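One-letter residues, chain by chain:
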Amino acid sequence: MNKPKYEQVASAIREQIQAGTLKPGDQLPTTQGLIAQYAVSYGSVRTALLILKAEGLIEGRQGEGVYVRRPAEQ
């Protein structure tokens, strides 16, 4: 069974962060960019970003965009 589209987007971005393709401080594409890149709806992108934010992998900066967070100090 296929995973929901939002989970596919979240997984793809999570994998890029874990692989080092997206590094701490890197800016993610815009919502529109992600919609085009993954061929999903606005809602799917929004939900994927909320999941990654809850996991502490990304952070939104008002008026600037969404960035990969630096790992928390252990």
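**Topic: the packing of aromatic side chains**
Within the structure shown, the criterion is met by zero aromatic pairs. In this structure, Arg61 is placed above the aromatic ring of Tyr67, and the distance from its NZ or CZ to the ring centre is 3.9 Å.

**Overview of the layout of surface pockets**
Gaps left between atoms show up when a probe the size of a water molecule is rolled over them. In this model, the largest pocket occupies a volume close to 170 Å³. If you trace the largest pocket, you find 13 residues lining it, with Thr31, Leu49, Gly60, Gly65 and Val66 closest to the centre. When contributions to the lining of the largest pocket are tallied by element, the ones reaching two or more residues are helix H3 (42-54), strand S1 (58-61) and strand S2 (65-68). For the lining of the largest pocket, the element with the highest residue contribution is H3, accounting for three residues. Broken down by class, the residue content of the lining of the largest pocket amounts to four nonpolar, six polar and three charged.

**Brief notes about the pairing of S1**
Pairing geometry for S1 and S2, over four bridges, is antiparallel. Bridge assignment links Ile58 to a residue of S2, and that residue is Val68. Between S1 and S2, which pair antiparallel and follow one another directly, the connecting turn spans three residues, one of which, Gly63, has a positive phi of 75 degrees.

**Examining H3**
Between its first and last C-alpha atoms H3 spans 18 Å; for 13 residues at 1.5 Å apiece the expected length is 18 Å, and the two agree. Among the residues of H3, those classed as buried are Ser44, Val45, Ala48, Leu49 and Leu52. The arc that holds every buried residue of H3, seen down its axis, measures 130 degrees, which confines them to one face. The elements touched by buried residues of H3 are helix H1 (5-19), helix H2 (31-38) and S1. The positive-phi residue at the C-terminal boundary of H3 is Gly56, with phi of around 80 degrees.

About the criteria used
Residues numbered from 1 in each chain as written. Predicted model: local features only at pLDDT ≥ 70, side-chain atom pairs only at ≥ 80, totals over all residues. Heavy atoms only, no water. Phe/Tyr/Trp six-rings, centres within 6.5 Å; stacked < 30°, edge-to-face > 60°. Lys NZ or Arg CZ within 6 Å of the ring centre and 35° of its normal. 1 Å grid on protein atoms, 1.4 Å probe; cavity = no way out; pocket = protein on both sides within 12 Å on 5 of 7 lines; lining within 4 Å. Points joined across faces, edges and corners; volume = space filled by probe spheres on them. Helix = DSSP H or I, 4+ residues; strand = E, 2+ residues; numbered from the N terminus. Nonpolar A, V, L, I, M, F, W, Y, C, P; charged D, E, K, R; others polar. Pairing = 2+ DSSP bridges. Expected span 1.5 Å × (residues − 1). Buried < 20%, exposed > 50% of the residue type's maximum accessible area, 1.4 Å probe, protein only. Arc of directions from axis to C-beta. Contact = heavy atoms within 4.5 Å.

These results come straight from atomic positions and should not be treated as a statement about function.
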